[in-house]
Amino acid sequence: MSQGDSGTSESRTVGTTSQTISRRGYLAGAGAVGAAALAGCAGGEDDDTLTVGFALPYTGTYAMLGESITNGFELYIDEHDGEVNGREVEFVERDTEADTNRGVDVTRELLVEYQADAIVGPVSSAVAMAMIDTVQSEANSIWFNANAGDYRVTQDGCTPYHFRTSFNDWQTSAPLAEFVYDEVADNVCLAYADYAFGVNSKDFFAEEFEDLGGEVVDEVGAPLGTDDYSSYLGQIEDSGAEAVFSFFAGDDAVNYVNQFSDFGLDEEMTQTGSGFLLSGDTLPAQGDSALGMYSLLHYADTLDTDRNQTFYDAYADAYGEGPNVYACQGYDSAQAFAAAVEETGSSDADDLIPALEGLQIDSPRGPLAFNSETHDPVHNLYVREVVEGDDGPENEVIETFEDIEGPTWGCSL
Amino acid sequence: MLEVFIRSTFLGLQLGMTFALIAAGLTLIFGMMDVINFAHGALYMLGAYFGTVIAGTFGNYWLALLLAPLFVGLIGAAIEIFSLRPLYGRNPLYHILLTFGFAIAIQGAIVLIFGGQSRRIDVPTVLEGTIQVGPVTYPVYWLFVLIVSTVLIALIWIGIERSNLGILMRASAHDTEMVNALGIDVNKVFTGVFVFGAILAGIAGVLLGGSRSVHPGMGMGIIIEAFVIVVIGGLGSFRGAVYAALLVGLVTAYGSVIAPTLTELFLFAMMAIVLIIKPSGLFGATEAA
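Residues numbered from 1 in each chain as written. Chains lettered and ligands numbered in written order. Predicted model: local features only at pLDDT ≥ 70, side-chain atom pairs only at ≥ 80, totals over all residues. Heavy atoms only, no water.

- You'll find chain B entered in an unreviewed UniProt entry as Branched-chain amino acid ABC transporter permease, with Natrarchaeobaculum aegyptiacum given as the organism.
- What the UniProt record of chain B gives under Sequence similarities (unreviewed entry) is the line "Belongs to the binding-protein-dependent transport system permease family. LivHM subfamily." (UniProt positions renumbered as here; feature names shortened; annotations may be inferred.)

**Some thoughts on the confidence of the model for chain B**
Stage number 1. Looking at chain B as a whole, its pLDDT mean stands at 90, while 98% of the residues score no less than 70.
Stage number 2. ipTM for the predicted complex: 0.88, alongside a pTM of 0.87. (pLDDT = per-residue confidence, 0-100.)

**Quick notes on the interface of chain A and chain B**
Stage number 1. Taken together, the 32 residues of chain A in the interface contact 36 residues of chain B.
Stage number 2. Summed over both partners, the interface of chain A with chain B buries about 2900 Å², with 53% contributed by carbon and sulfur atoms.
Stage number 3. Along the contact surface separating chain A from chain B lie four salt bridges.
Stage number 4. Between A:Glu237 and B:Arg7 there is a salt bridge; the shortest N-O distance is 3.2 Å.
Stage number 5. Residue classes in the side of chain A that touches chain B are distributed as 11 nonpolar, 13 polar and eight charged. (Contact = heavy atoms within 4.5 Å. Buried area = accessible area lost by both parts, 1.4 Å probe. Salt bridge = Lys/Arg side-chain N within 4 Å of Asp/Glu carboxyl O. Nonpolar A, V, L, I, M, F, W, Y, C, P; charged D, E, K, R; others polar.)

**Quick notes on the UniProt feature "transmembrane region" (unreviewed entry) in chain B**
All names here are of chain B.
Stage number 1. The UniProt record annotates "transmembrane region" (unreviewed entry) at residues 12-31, 38-55, 61-82, 94-114, 140-160, 189-208, 214-235 and 265-285.
Stage number 2. Between the first and last C-alpha atoms of residues 12-31 the distance is 26 Å; the span itself is 100% helix and 0% strand.
Stage number 3. Secondary structure within residues 94-114 divides into 100% helix and 0% strand; the distance between the first and last C-alpha atoms comes to 30 Å. (Helix = DSSP H or I, 4+ residues; strand = E, 2+ residues; numbered from the N terminus.)

**Some remarks on the state of the cysteines**
Residues and elements named next belong to chain A.
Stage number 1. This structure, assessed with the given rule, holds one disulfide over all chains.
Stage number 2. Cys 158 shares a disulfide with Cys 411; S-S distance 1.9 Å. The sign of the S-S torsion, about 75°, decides the handedness of the disulfide formed by Cys 158 and Cys 411: right-handed. Here the residue Cys 158 occupies a position in the loop between α5 (151-156) and β6 (162-164), and Cys 411 occupies one in the segment after β15 (392-404), the gap between them amounting to 253 residues.
Stage number 3. Overall, the relative accessible area of 23% leaves Cys 158 in the partly exposed class.
Stage number 4. On the basis of relative accessible area, Cys 411 is assigned to the buried category, the value being 1%. (Disulfide = S-S within 2.5 Å. Buried < 20%, exposed > 50% of the residue type's maximum accessible area, 1.4 Å probe, protein only.)

**Side note on the nonpolar core**
Stage number 1. Judged by nonpolar contacts, the single largest core of 187 residues is most densely connected at A:Ile236, A:Tyr256 and A:Leu356.
Stage number 2. Per-element accounting of this core gives the leading share, 15 residues, to helix α1 (residues 2-33) of chain B.
Stage number 3. In this view, A:Leu356 contacts A:Ile142, A:Phe144, A:Phe163, A:Ala336, A:Ala340 and A:Phe370; residues no more than four positions away in its chain are not counted.
Stage number 4. The next biggest cluster of nonpolar side chains, apart from the first, holds 24 residues, and it includes A:Tyr151, A:Ala177, A:Phe245 and A:Val383. (Core = buried A, V, L, I, M, F, W, Y, C linked by side-chain atoms within 4.5 Å.)

**Points about the packing of aromatic side chains**
Stage number 1. Per the counting criterion, the structure on display carries 46 aromatic pairs over all chains.
Stage number 2. Their ring planes at 80° and their centres at 5.9 Å tell us that B:Trp157 and B:Tyr243 sit as a pair that is edge-to-face. Separated by 86 residues along the polypeptide, B:Trp157 in helix α5 (residues 140-162) and B:Tyr243 in helix α10 (residues 238-258) bring together distant segments of the chain.
Stage number 3. Among the residues examined, B:Tyr243 registers a relative accessible area of 40% and is labelled partly exposed.
Stage number 4. Pairwise contacts between aromatic rings join A:Tyr76, A:Tyr299, A:Phe311, A:Tyr315, A:Tyr319 and A:Tyr331 into one cluster.
Stage number 5. Taking the ring centre of B:Tyr94 as reference, the NZ or CZ of B:Arg90 above it sits at 5.2 Å. (Phe/Tyr/Trp six-rings, centres within 6.5 Å; stacked < 30°, edge-to-face > 60°. Lys NZ or Arg CZ within 6 Å of the ring centre and 35° of its normal.)

**Quick word on the side chain of B:Ser8**
Stage number 1. Along the chain, the position of B:Ser8 falls in helix α1.
Stage number 2. Residue contacts for B:Ser8: discarding those within four places in its chain leaves A:Ser231, B:Ala253, B:Tyr254 and B:Val257.

**A short note on α10(B)**
A turn of α-helix holds 3.6 residues, and therefore any two residues three or four places apart point the same way.
Stage number 1. Taking 1.5 Å per residue as the helical rise, α10(B) with its 21 residues ought to reach 30 Å, and the 30 Å between its terminal C-alpha atoms agrees with that figure.
Stage number 2. Where α10(B) begins, the capping side chain belongs to B:Ser237, and its oxygen is found 2.8 Å from the backbone nitrogen of B:Gly240. (Expected span 1.5 Å × (residues − 1). Polar contact = N/O pair within 3.5 Å; in protein donor to acceptor, adjacent residues only side chain to side chain.)

**A short note on the environment of B:Ala181**
Residues and elements named next belong to chain B.
Stage number 1. In this structure, Ala 181 sits in helix α7 (residues 176-181).
Stage number 2. Given a relative accessible area of 64%, Ala 181 falls into the exposed group.
Stage number 3. Taking the C-alpha atoms as reference points, Ala 181 and Met 220, 39 residues apart in sequence, are found 39 Å from one another.

**Focus on the pairing of strand β3 (residues 87-95) of chain A**
All names here are of chain A.
Stage number 1. In terms of residue burial, β3 counts as a mostly covered element, since eight of its nine residues are buried.
Stage number 2. Inspection of the sheet shows strand β1 (residues 50-56) paired to β3 by seven bridges, in the parallel sense. Pairing of Leu 56 across the sheet is with Asp 95, part of β3.
Stage number 3. Two strands pair when backbone bridges link them, and strand β2 (residues 83-84) and β3 are joined in this way by two bridges, in the antiparallel orientation. What sits directly across from Val 84, in β3, is Arg 87. (Pairing = 2+ DSSP bridges.)

**Considerations on the sheet that holds strand β5 (residues 142-145) of chain A**
Residue and element names in this part refer to chain A.
Stage number 1. The six strands lie next to each other as β2-β3-β1-β4-β5-β6, forming an open sheet whose pairing is mixed. This sheet does not close on itself; its edge strands, each paired only once, are β2 and β6.
Stage number 2. Along the sheet, helix α13 (residues 349-357) makes contact with β5 and β6, crossing β5 at roughly 40°. (Axes fitted to C-alpha atoms, helices over the stretch in contact; angles between N-to-C directions.)

**Focus on the side chain of A:Ser295**
Residue and element names in this part refer to chain A.
Stage number 1. Position of Ser 295 relative to the elements: it lies in strand β11 (residues 294-297).
Stage number 2. Look at Ser 295 and you get buried, because its relative accessible area is 0%.
Stage number 3. Once you skip the residues sitting within four places of it in the chain, Ser 295 turns out to touch Gly 273, Ser 274, Gly 275, Leu 278, Tyr 382, Val 383, Arg 384 and Asn 395.

**Re the pairing of strand β9 (residues 243-247) of chain A**
Two faces belong to every sheet, and in a regular strand the side chains alternate between them.
Residue and element names in this part refer to chain A.
Stage number 1. Counting buried residues along β9, five of its five residues qualify, which places the element largely inside the surrounding structure.
Stage number 2. Side chains of β9 alternate between two faces, with Ala 243, Phe 245 and Phe 247 and Val 244 and Ser 246 buried alike.
Stage number 3. In terms of strand pairing, strand β7 (residues 187-193) meets β9 through five bridges, oriented parallel. Directly across from Leu 190, in β9, lies its bridge partner Phe 245.
Stage number 4. Relative to strand β10 (residues 270-274), β9 runs parallel, the two sharing four bridges. The residue bridging Val 244 from the neighbouring strand is Gln 271, located in β10.
Stage number 5. A crossover links β9 with its parallel partner β10, the connecting element being helix α9 (residues 250-262), and its sense is right-handed. (Right-handed = clockwise from strand over helix to strand, strands pointing away.)

Structure representation (structure tokens):
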């Protein structure tokens, strides 16, 4: 198992596509759409307001993720009359443009100029790794990592200020091995988007699967942003495996899953994968192609609990569409922040850290806590099967792995 | 091994033919009007989005394939008449900036209206499923795309070589003043060519929207390949664009089997080699159409 493999390619995040565009120049014009600046009212430390800074992408391919995280966070605060512990909450939205340099600039601006009490974001793991130093050197605010899932954010950025309210890439791949080995097949072909996150995911899965006695017969890596998977599908078919474990996200996931079915492979082998392969934001475009496929994620909008139902309805009421996993991650960031502030009566990072470490959050995803060694999430992971729902295909939870933590990668806080 | 080869060949031809639909418009517009149309990818994307809307609303793919390209043509007409026309004869940089602006504006509008989520055009039941071609299982729809685009390209080729309209097009490009002097409104010919190119891009958008995801980045993704094709084929040459499109399609398909991560490099290396050996492209130079 070689975690070092992934060092070769850039680390992008999950749930995105990739286009070979020079993103900054290109989006300069297309921007302006999402990021409504809250200029003019920079909250100082003296007044009674709490300032939450969002370092998220609001333009470009990642915009939908940034928007969902923001919506989720603001929903929780709105549900509590815009206040936490009697103090008004003020939001500052800053567009990272999913660019590492912008990410660092934005982080510094939020921490220094706005004196933000908490910083929420980013989406991209590459941006997250660039932000680590700034957060550490400012050392005055809690950083809720509301998406970036690369394990190296924990490994390299083992800092007390970092709390991951999302997931790590081990959690969304390795635990599935047991389900696949027990219920589906004892041999698999790995298919993955050839970049850090895809490589991590298939490595974590393969390691676990082989430990259980399963066999990995072949692996096929396709470049990020591939439109036509037919030659890769041929290779997957030729492997003769009974099942496939895949990591693709965003448009790659849409193209891959659709073409997997177009070529009739769904009749020959069982498709399984990380949850981003079949998520709320790709399922509508995958449609019937996705039926019968299995994936693993820490959230499903169909999760049959009162907590999730309440969250789902409130979110749908507020924004006109159901929540996705990113919205849940934003919402939980707000829950964690509010609970810690209420418990300590303070917004000082050094007071909040121990409070957050001891927190038990009643999340729409199920119970959520933070590992006190790594500040990575400890939460349930759900095996979901795509079934025909009332409004088209949806994920049905068929198995739950409770309180999954994962390795610490040498981080010990 | 044979299977892989056959499958890749089918894919390569199909890619090549759809690339040809897109590159044909780009190269005709350049050949005639000296306009490097950066908005061409955005027009392709519009075709796909109009396709999802029409197919989604009426549940009819054929209607989408018919109407969506026409709407794209209308937008193309508006772009040519109101913004490009006043700039003819000026430094080509004006056109580049203008069309690049349109590309960004159209993408922005798409994100605003449809959001960032991917979509797909539903394929009619007749075109679903797979077909056995020799030892290879191939999706019916992909074969359909290959056939439709091949037929279209053949018709356009014959049209340009044989019809009066084709002769007029080639003449307008060669010697605008002479054609003008003969009493023919060159402006109308230019508008016609631009609209025609837009319609072709729209058709490609609907065709590929059935097998690939439709998303706001797709226009910018395809324009790079289209430019590589046009450069290899020779700027302005229709014949060159078709040959180069097939070449690029096949290299992409075989490349993804041999060395997936190097495929893009192959394309640019190919372009570089062609440019070094024959700077005007394979069929470049004075040929207009």
